[in-house]
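Architecture and fold: a report
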There are 8 protein chains.
Amino acid sequence: MGSSDATVSAFACIDAERQERIGYPEVVYCAGKTDSQSLDIIGSMRERGIPVLATKANSALASRVLAAFPDAVFDDTARTITLGVFCEPQNRQGLISVVCAGTSDIPVAMEAVRTAEFFGSATELICDVGVAGIHRLFSRLGDVCKARVIIAVAGMEAALPSVLAGLVSAPIIAVPTGTGYGASFGGLAALLGMLNACAPGISVVNIDNGFGAGYQANMINKLGGV
Amino acid sequence: MGSSDATVSAFACIDAERQERIGYPEVVYCAGKTDSQSLDIIGSMRERGIPVLATKANSALASRVLAAFPDAVFDDTARTITLGVFCEPQNRQGLISVVCAGTSDIPVAMEAVRTAEFFGSATELICDVGVAGIHRLFSRLGDVCKARVIIAVAGMEAALPSVLAGLVSAPIIAVPTGTGYGASFGGLAALLGMLNACAPGISVVNIDNGFGAGYQANMINKLGGV
Amino acid sequence: MGSSDATVSAFACIDAERQERIGYPEVVYCAGKTDSQSLDIIGSMRERGIPVLATKANSALASRVLAAFPDAVFDDTARTITLGVFCEPQNRQGLISVVCAGTSDIPVAMEAVRTAEFFGSATELICDVGVAGIHRLFSRLGDVCKARVIIAVAGMEAALPSVLAGLVSAPIIAVPTGTGYGASFGGLAALLGMLNACAPGISVVNIDNGFGAGYQANMINKLGGV
Amino acid sequence: MGSSDATVSAFACIDAERQERIGYPEVVYCAGKTDSQSLDIIGSMRERGIPVLATKANSALASRVLAAFPDAVFDDTARTITLGVFCEPQNRQGLISVVCAGTSDIPVAMEAVRTAEFFGSATELICDVGVAGIHRLFSRLGDVCKARVIIAVAGMEAALPSVLAGLVSAPIIAVPTGTGYGASFGGLAALLGMLNACAPGISVVNIDNGFGAGYQANMINKLGGV
Amino acid sequence: MGSSDATVSAFACIDAERQERIGYPEVVYCAGKTDSQSLDIIGSMRERGIPVLATKANSALASRVLAAFPDAVFDDTARTITLGVFCEPQNRQGLISVVCAGTSDIPVAMEAVRTAEFFGSATELICDVGVAGIHRLFSRLGDVCKARVIIAVAGMEAALPSVLAGLVSAPIIAVPTGTGYGASFGGLAALLGMLNACAPGISVVNIDNGFGAGYQANMINKLGGV
Amino acid sequence: MGSSDATVSAFACIDAERQERIGYPEVVYCAGKTDSQSLDIIGSMRERGIPVLATKANSALASRVLAAFPDAVFDDTARTITLGVFCEPQNRQGLISVVCAGTSDIPVAMEAVRTAEFFGSATELICDVGVAGIHRLFSRLGDVCKARVIIAVAGMEAALPSVLAGLVSAPIIAVPTGTGYGASFGGLAALLGMLNACAPGISVVNIDNGFGAGYQANMINKLGGV
Amino acid sequence: MGSSDATVSAFACIDAERQERIGYPEVVYCAGKTDSQSLDIIGSMRERGIPVLATKANSALASRVLAAFPDAVFDDTARTITLGVFCEPQNRQGLISVVCAGTSDIPVAMEAVRTAEFFGSATELICDVGVAGIHRLFSRLGDVCKARVIIAVAGMEAALPSVLAGLVSAPIIAVPTGTGYGASFGGLAALLGMLNACAPGISVVNIDNGFGAGYQANMINKLGGV
Amino acid sequence: MGSSDATVSAFACIDAERQERIGYPEVVYCAGKTDSQSLDIIGSMRERGIPVLATKANSALASRVLAAFPDAVFDDTARTITLGVFCEPQNRQGLISVVCAGTSDIPVAMEAVRTAEFFGSATELICDVGVAGIHRLFSRLGDVCKARVIIAVAGMEAALPSVLAGLVSAPIIAVPTGTGYGASFGGLAALLGMLNACAPGISVVNIDNGFGAGYQANMINKLGGV
């Protein structure tokens, strides 16, 4: 991999000082890059000793990364690859509750979980508590309320964060997903629903952007200290 | 008003046999018509003995109608005018619960109430029980459950019918409203939210179409008999 | 299958009390789930004795379900799997007329038929009576008028429910489909057409949501008693 | 008005040879122009002996035109001004049927009528025959069928041309209107409905473009000779 | 094929009287139907002696039709199948000019050509005369001007009909195509461009609807007699 | 005002236990309510001793509130009314930096400031530091970096939060505004820009929702303690 | 006006070094600002000796500016105010041709003219040469071809730049306008048309952004030297 | 290839005089054409001695072109084929800086590079300098500032041109790309962001239209002479 850095400089400019500047290293977004480009960037970061989180990774890329760096870890639900450690598991702080409306929303929720953990937050995943059977949410409310920050992941009409925001005192980061069909228009209905939530305390990230939610939730969670 | 019928025939064709054909008379939709046209149509229906329900009426029209027909009734919240009686109040059947998320949604909800009552259904209006404070909905759930049909009126993210549909066994007609701003896009967010509801048992009418909801709810309510 | 329930609890939370609470068991929406997840959920419901209706099922899933539960039934037009019986065929009540504009709309119409029948309604399917040859609709109008509730399934400009609503006295649930091309925008034109129907008595479900129409039509049909 | 031509040349370039080139003079589209600009253009055409049809004219402009040219004619429903004669009424040819779904669609229909008549076609206006009471359309079908070309004007779901096209053998020009509210989105629903009509024989012009329909209908009507 | 008619009645209702009613037989739209359904419908029409035009046909369907009916004709550019003759080539009347902006628009243009010819019009196809090199259009203008009706097929910004309408006196039917990328949004830009054409004399059909344009152009062309 | 509570119960259901349940009292959203309704709700809250923050208030309402409650405070830029004190100014905690791209964005930014202060956060407003002259942002970066949370308010292309997120380590809540014209589509361009920010650490609220940003920023700021 | 600078600093941060940095002073965009804010900013720039161009100014603002600075110049068609001189008229360089499709597009075209002249380019305005009468464009082509840069301003379907780009060798900046109605959707159709132009050599600015076109055209024109 | 010209004339009309008329030969847009059509057009241009640039070419087409014309050159990142020379590399003039926000945007940027070079401009490609790490952009600013024209290529929120325009004095042509997911809506967010840029000096081409940007940038660059 000795020459990867030179190769990388032709198509990418790694922000190596990012960690000093704002406390967290750059993350590799694999969609839209060729697998070779992603692999070269990951290799280049490894050479510089930067811990790597790569998102939206497919399994072909994961195989190539694992072949080159056997200590890499691929989560095929979350579609994340991690290589190196930014924060040891035992040092994770606080608590982020990742609440997920339906089974189909789990991949996005897991991207949030993997991101938040990578950067040093403890997390808890609570699945399939969408508002169609609201008692399921109430039965888990005690768990949800322990968190400093809540990530609410939902598709279709995405009513989950609205209901949650009337019940809890933690800030909620809402992640719309593409779950649904027809007039869900690839997650647009969920996005609009979350932006128009009638209860305050909610902000929203891009459709399917579990990474963005996990990243910001970690920043917020860290404000609460150890 | 003797000549109104001739005048009317130039711009409108009253469906005088509608009541025999499908059981209910035609309704006058005032928006998009000049006040004079609406007045002439109402006058022409009165001459034929057809009981009148007029919707989306403004107060200027209402004044003219009341001057011509002092027994007309104008509800300035619902923006409806009624003239004559299709079903006596004491003969109203069953029960339709009109559940309304916020104070701003009341005009649309009242249009549904006035329509359903005109055609012969008993109704109950339950206000300001949006999901941001879900205990308010639970405290009224007993009342809601008495109904044969539920009309759920909501703007913004319009999560109310989704939550209701997991709690009740009556069919729900959902009415999106233009309540909200920015990315509510004039009720589009609410409309999409209701169409994508994760709980079954819901169908949807046009934005702000309280009339359409009240009309169909009455048809359904009547299936249950006296 | 003994361990499926434990497996299921990791990604799904079956709403086992739904039948007691609102009279109907939960339905499995297969799109967006992995086939293994759908299979585990179906298995878990079978273990608890809950009759299963699964929608948007593909044939690969159907094969796995049939292998595990030979008494399951797959309708490859409707894309439904049923396992167990909620209502015996001989006990089906009333009548729901499922009226379908074109040949391409039949899969969505059949999803409505299978859903309504599963929950206990008698149904009649009337095909290819779109408004382009309106005499075809008139020749079937006698049949349509026998129903307590009508489901109207149409793509393209979706004029069928508007025309029907001026001719019949039963409530109509309109289902837009993705039939068409170009400016049909995947069913958006049909959806907007149905929401703006000039005749009252119509409410609308999501594009291609035959299930939702069949489910609500059954609720309405049941109001009419045996 | 002697100097209007010089003034006009600063902001407009009248296509004076258009009549020789393609048989019809230029038409003045008043929306978006100041009233003074429209007046100067009309004056300049009068000076050159070009018969004038001006569309989308408001009453303030009409008053100024009538003051300057007392032989001008303003139709305040159609919002057209005519000045001079392109074709004498007794010389109008063939027949164009302008069929109109609802009372609110009449202004657009009248713009089509005035345009077609100006250019030399006989017309018949048939009002309020929307599909919600389809017998109204059937009772007028004999009249509609006499025409060489049909203009169908409708808002809301705009199902009228689809139904007509299955019943008649003349070409139909469909004009969507902004009639409706909510999800009609200012005529978008009607436009999409007409573009996706399931019956062939229909083409469509812009929302509220009665002029364009009347203009093309006249061209087609003329193909049939005297 | 003896039993095809019975089979067909289960999913389709052939409008056999259409030819008597409005002069032209029904056309088979193959998209959205299974190949077996299309084949059965074609077979059923052949049995009744109805000449067949089938559109949006793929080559797999064409092979099956040709195997069953060796006298069928498949045009793989236009994606049409014809079986039987509605109008003998030597009897074709008048002239329709099909003008096409770019090479990529030819399949849609050919669908218009095949449709217009099937129903009895003479046609001329004029290719690759888009406005980017407007002299190409001028050099063919003499040919274009011989037609009674013009069909203008264009994608991208679709300026062709606007320019044509200022140069010719025949009515123009404009067909937007999906040619282009990015902000062409699948033909939406072309559709909007054509609807907003600054020159009158144009009406528009659905994106890629060469059939609809050819069908209506034939109706118009026939008005001019032999 | 003695009877306002009874009046209020007819159209509103004040969530009086909200403060106990989640730590903050309900806020009055005035848009969409009549001024009388807003005044009655404010009066009713005052009677119960609940401190009031009212948003999207117009000056007519403000005059009526000030007449009834002279200790109310109206900020006509922010369009907020406050009545009573939830947190004394000297007790405000931490720091929220409200960064504003242009002069036109100040009203939305001030709504965020007033909200955050009402609920107990110290704030600093930094104006007119949009990316068109990026040195203006750099010259204020020291101030921005003192904050625990940043609210970034911007219209047009809304690039401010993307640039900020690469420079600071605090979480950013982005508020799109309707500033701009043409293809800004009322703030849609800004909203999409913020949702697609290439730098992580950002979440987004509704267009013009300064209140929502201030409310959530306060929740986050409080995590950092005194 | 001595204190305006202090006032200004509260809501605006004038980019006083912009002229040194990139050669041109900042421009005041008046829409979205209060008239007082615009006046204060203009006053503050005057105090520093910065020549002022203010765009999207209304006449009320113009009156206040003219009262304070009698040497200011207001163009009420272009809606621009200039105060002070950046480039003397006799020093204007090169030539920019501003070509305008219709009379309604003139205000936007004049904004481009005033902007380009302010910054030092010679301009020529060529009006009403839209493609509906293409000979008008050809008759002015000689003039257009003298320019180093062309600004093409058009609404409706906006075909003008496509046609021009096939005829000239200068770069074209296309400005869509809101001219039109119905499916022009406030200039969206024109914007999409220009973005999808089939001829190369065109780039596009925001709807109605005459300023942006004039500004960039001046930059390009200057590359050609004196 | 001797007969290709005749073949070509059936589906294409090569604009052979374009080079004389406006200085540059026609370019072959391969998307939407069959590979055979593209090959025939390229062959026909070669026969006439016209240098060829073909864009949006896939590798299958490239193989066929290279087999027929071994001196052709295919760039599989840019997806361009060149055959023959319009301008020798040593004669390239001026400088165009192609600035690219992220690695995924390189294919579009390279299409711009290849186009500008083909027509005779010197270029420099500067990669991965998006605003998320703005120091990367500053470190390359010296290079960027040497150019006469800048092409800025970016996806997601596309803030790059806004930031650049405040820092440089050269005109910027902005190219939105489809990089991103969810609410990027295939490049729509980037397109809107660039059209609403708060800094002047920017114009925009279609999503992914590197060719259009390179073409116009070359025209502008040439104004600066050798």
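Only a predicted model underlies this, so the values are computations on that prediction, with no experimental measurement involved.

Quick word on the relation of the copies chain G and chain F
- Mapping chain G onto chain F calls for a screw motion: a turn of 90 degrees about the axis and a shift of 0.0 Å along it, with 0.0 Å RMSD after fitting. These values place the two chain copies in the arrangement generated by a four-fold rotation axis. When C-alpha positions in chain G are compared against the rotation axis, the closest is assigned to Phe185 of chain G, at 7.4 Å.

Points about the pairing of strand β5 (residues 93-100) of chain G
Residue and element names in this part refer to chain G.
- The buried count for β5 comes to seven of eight residues, which makes it a mostly enclosed element.
- The pairing of β5 with strand β6 (residues 121-126) spans five bridges and is parallel. What sits directly across from Val99, in β6, is Ile126.
- Once you follow β5 into helix α5 (residues 106-118) and on to β6, the crossover reads as right-handed.
- Taken together, the five bridges between β5 and strand β7 (residues 149-154) define a ladder with parallel strand orientation. Looking across to β7, one finds that Ser97 is bridged to Ile150.

Details of the arrangement of the chains
- Spatially, chain C is disjoint from chain G: no contact exists, and the shortest C-alpha separation is 13 Å.
- Where chain B comes nearest to chain H, the C-alpha atoms are still 13 Å apart, and the two do not contact one another.

Looking at the interface of chain G and chain F
- Taken residue by residue, the interface counts 20 residues in chain G and 15 residues in chain F.
- For the pairing of chain G and chain F, the buried interface totals around 1300 Å² over both sides, and the portion due to carbon and sulfur atoms is 56%.
- Scanning the region where chain G abuts chain F turns up one salt bridge.
- Here Glu26 of chain G ties to Arg136 of chain F by a salt bridge, and the two come within 3.8 Å at their closest N and O atoms.
- When contributions to the side of chain G that touches chain F are tallied by element, the ones reaching two or more residues are α1 (4-11) and α9 (188-195) of chain G.
- Tallied by class, residues from the side of chain G that touches chain F come to nine nonpolar, four polar and seven charged.

Thresholds applied
- Residues numbered from 1 in each chain as written.
- Chains lettered and ligands numbered in written order.
- Predicted model: local features only at pLDDT ≥ 70, side-chain atom pairs only at ≥ 80, totals over all residues.
- Heavy atoms only, no water.
- Least-squares fit on C-alpha atoms with pLDDT ≥ 70 in both.
- Buried < 20%, exposed > 50% of the residue type's maximum accessible area, 1.4 Å probe, protein only.
- Helix = DSSP H or I, 4+ residues; strand = E, 2+ residues; numbered from the N terminus.
- Pairing = 2+ DSSP bridges.
- Right-handed = clockwise from strand over helix to strand, strands pointing away.
- Contact = heavy atoms within 4.5 Å.
- Buried area = accessible area lost by both parts, 1.4 Å probe.
- Salt bridge = Lys/Arg side-chain N within 4 Å of Asp/Glu carboxyl O.
- Nonpolar A, V, L, I, M, F, W, Y, C, P; charged D, E, K, R; others polar.

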